[in-house]
Amino acid sequence: MQIEIIKGIKSALKKNDELAWRLKLINMQYNRYRAKHDNDRDFIIRQYKLRTGLELDLEHPQTYNEKIQWMKLYYRDPLLHQCVDKYEVRNYVKQKLHGDEYDDILIPCYGLYESIEDVDFDALPEEFIVKLTNGSSFNYVCYKKTEKEIQKIKTRFRKWCRQDYYTYGREWAYKGVPNRIVIEELLKPSNGNPPEDYRFFCFDGKVKAISVDIDSVVNGVKQANYYRNIYDSSWNRIPGRIEYPNKNDIEAVCPRQLDKLVKIAEILSEDFPAVRVDLYYFDEKIYFGELTFYHSSGYQKFSPQEFAVQMGSWINLSKMDSKYC
């Protein structure tokens, strides 16, 4: 019942962006307070029960979500800090992907800033996206640069830059990463729809699952209830769900450059035991999105249970270098 209440609140918040970001701030401030009283292990066990309704087994983790919680606590490769930083990861991508075929994979960047006060908005185009370099969902899409929009951006990022995202879910990769601001070009496919986002779940450098969201954005607004289909690396449907129901009467269109997308995801993931590689693909162009080490902080429901265990089996905790654990 508690989980359903949380989902209902999230659905309502999707319709009110202003209220949503203010409540998220309150939640983060609460978790920052809890950080002074709970150690990481106790916090994660408590949050896992609250968010999933399940008891967390850290001694013998089996499912994907259980192993993500384990990785939050014990997998501490310093490379994670670079790869969760939305600006520094660009250097990692450049290092890993060589050759002319990857020249345009990075979204054009207008600048990196220590503070929102450093941004020269007059020098920016009418449309752009502003991102906090440390954290998730601290983004603002500007479709028309007006004085009102600029003030809204400034208000949000003044507050966001003071937050410690690590305290939100105890995701170790974000610990100690500085809050800065990066502004990028707003991707605009020729059909006018949001860019297609493909999420590649990779394990030891191999793509095992690809998730594609369907009907997730309506009139430019992210919805709370939508569909998600899961495919393998050859675009065969996987009979499993990750939080959202499958769209059984519609197959997501297989990208014409699927082989190249898989190759890119596997190159970018080969240094890690488990990571989600997000790529955009539209108008026959591929753009890098981000590297995500803790999918939805390890709280989304996988079903059936066999699928949750199968996804978990692909994370080999015993292979993680002991110097990082």
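Note that the coordinates shown come from a computational prediction; the quantities given were computed from them, not determined experimentally. (Residues numbered from 1 in each chain as written. Predicted model: local features only at pLDDT ≥ 70, side-chain atom pairs only at ≥ 80, totals over all residues. Heavy atoms only, no water.)

1. Things to note about the overall build of the chain
Quick reminder of the rule: Secondary structure is summarised from DSSP: a helix means a run of H or I of at least four residues, a strand means a run of E of at least two, and numbering begins at the N terminus for each. Classification of residues uses two cut-offs on accessible area relative to the type maximum, computed with a 1.4 Å probe and protein chains only: under 20% is buried, over 50% is exposed, and between them is partly exposed. By definition in these notes, contact holds between two residues if any of their heavy atoms fall within 4.5 Å. To measure how exposed things are, a 1.4 Å probe is used in the Shrake-Rupley method; for residues, cover is taken only from the protein chains shown.
When you go through the chain residue by residue, the secondary structure sums to 10 helices and 13 strands. Within the span of the chain, comprising 325 residues, buried residues form 50% of the whole. Across the chain, every contact between residues at least 6 apart in sequence was considered, and the portion connecting residues at least 24 apart equals 64%. Of the roughly 16,200 Å² that the chain leaves accessible, carbon and sulfur atoms contribute 48%.

2. Here's the deal with the nonpolar core
The criterion, for reference: Nonpolar cores were defined as sets of buried Ala, Val, Leu, Ile, Met, Phe, Trp, Tyr and Cys residues, with membership established by side-chain atoms within 4.5 Å.
F200 and L291 are the most contacted members of the largest nonpolar core, which has 86 residues in total. If sequence neighbours within four positions are ignored, L291 has contacts with C83, V89, Y92, L268, F272, V275, R276 and V277.

3. Some remarks on the layout of surface pockets
To find leftover empty space, a probe the size of one water molecule is rolled over the atoms. Threshold: Method remark: on a 1 Å grid restricted to protein atoms, a set of points is classed as a cavity if a 1.4 Å probe fits but cannot get out and as a pocket if it is open with protein on both sides within 12 Å along at least five of seven lines; lining residues have an atom within 4 Å of a point. Grid points are joined across faces, edges and corners, and a volume is the space filled by probe spheres set on the points.
Reported here for the second largest pocket is a volume of approximately 150 Å³. Around the second largest pocket, the lining residues are E101, Y102, D103, D104, I105, Q257, K260, I264, E284, K285, I286 and Y287. When contributions to the lining of the second largest pocket are tallied by element, the ones reaching two or more residues are α9 (258–269) and β12 (285–292).

4. A short note on the sheet that holds strand β4 (residues 181–184)
How we decide: For two strands to pair, DSSP has to find at least two bridges joining them. A fitted line through C-alpha atoms serves as each axis, taken over the contacting stretch for helices, and the angle formed by two N-to-C directions is quoted from 0 to 180°.
Sheet architecture is open: four strands sit in the order β1-β4-β2-β3, paired in antiparallel fashion. Two strands in the sheet have a free side with no partner beyond their single neighbour: β1 (109–113) and β3 (139–142). Averaged over neighbouring strand pairs, the angle between their axes works out to 15 degrees when direction is ignored. Alignment of strand β2 (residues 128–132) against β3, held across four bridges, turns out to be antiparallel. Across the sheet, residue F128 finds its bridge partner in β3, namely C142. In the packing of helix α7 (residues 147–160) onto the sheet, contacts are made with β2, β3 and β4, and the angle to β3 comes to roughly 170 degrees.

5. Topic: the packing of aromatic side chains
So the rule is basically this: The aromatic pairing rule takes the rings of Phe, Tyr and Trp, using the six-membered ring of Trp, and pairs them if the centres are within 6.5 Å, calling planes under 30 degrees apart stacked, those over 60 edge-to-face and the rest tilted. A ring is considered to have a charge above it if a Lys NZ or an Arg CZ atom is located within 6 Å of its centre and within 35 degrees of its normal.
Inspection of the entire model under this criterion finds 17 aromatic pairs. Measuring from ring centre to ring centre gives 6.4 Å for F121 and F128, while their planes differ by 45 degrees; the resulting arrangement is tilted. Judged by relative accessible area, F121 falls into the buried class, the value being 6%. Both rings, one in F138 and one in Y165, keep their centres 5.9 Å apart while their planes meet at 85 degrees; by these two values the pair is edge-to-face. Taken together, the residues span a long stretch of sequence, with F138 in the loop between β2 and β3 and Y165 in the loop between α7 and α8 (166–169) at a distance of 27 residues. Each member of the pair F138 and Y165 is classed as buried. One aromatic cluster in this structure is built from Y64, F201, F203, F302, F307 and W314. The ring centre of F43 lies 4.1 Å from the NZ or CZ of R170, which sits over that ring. Against the face of Y227 rests K247, its NZ or CZ located 4.1 Å from the ring centre.

6. A short note on a negative patch on the surface
To keep things clear, this is the line we draw: Patch membership requires over 30% relative accessible area and the absence of a salt bridge. Like charges are linked within 9 Å, and nonpolar side chains (Val, Leu, Ile, Met, Phe, Trp, Tyr) within 5 Å. Salt bridge, as used here, is a side-chain nitrogen of Lys or Arg placed within 4 Å of a carboxyl oxygen of Asp or Glu. Counted as positive: Lys and Arg. Counted as negative: Asp and Glu. His and the chain ends are not counted at all. Working definition for charges: the position is that of NZ of Lys, CZ of Arg, CG of Asp or CD of Glu.
Together, D100, E101, D103 and D104 make up a negatively charged patch on the protein surface. Looking at where D104 falls in the secondary structure, it is placed in the loop between α6 (88–96) and β1. The exposed category is assigned to D104, whose relative accessible area is 61%.

7. So, unusual backbone geometry
Cis geometry marks the peptide bond from S303 to P304, where omega comes out at 0 degrees. Along the chain, P304 turns up in the loop between β13 (302–303) and α10 (305–313). Of note in this structure, S137 is not a glycine but carries a positive phi near 70 degrees. Inspection of the secondary structure puts S137 in the loop between β2 and β3. Note on S137: relative accessible area 51%, which makes it exposed. A positive phi angle is found at D283, which is not glycine, with a value near 50 degrees. Inspection of the secondary structure assignment puts D283 in the loop between β11 (275–282) and β12.

8. Here's the deal with the pattern of salt bridges
In this structure the tally under the stated criterion is 18 salt bridges. Of the charged contacts in the structure, one is a salt bridge between D271 and K96, with a shortest N-O distance of 3.2 Å. You can see D271 sitting in the loop between α9 and β11 and its partner K96 sitting in helix α6, a full 175 residues away along the chain. Here D271 falls in the partly exposed class, since its relative accessible area comes to 34%. Note that R276 and D278 form a salt bridge whose closest N and O atoms lie 2.7 Å from each other.

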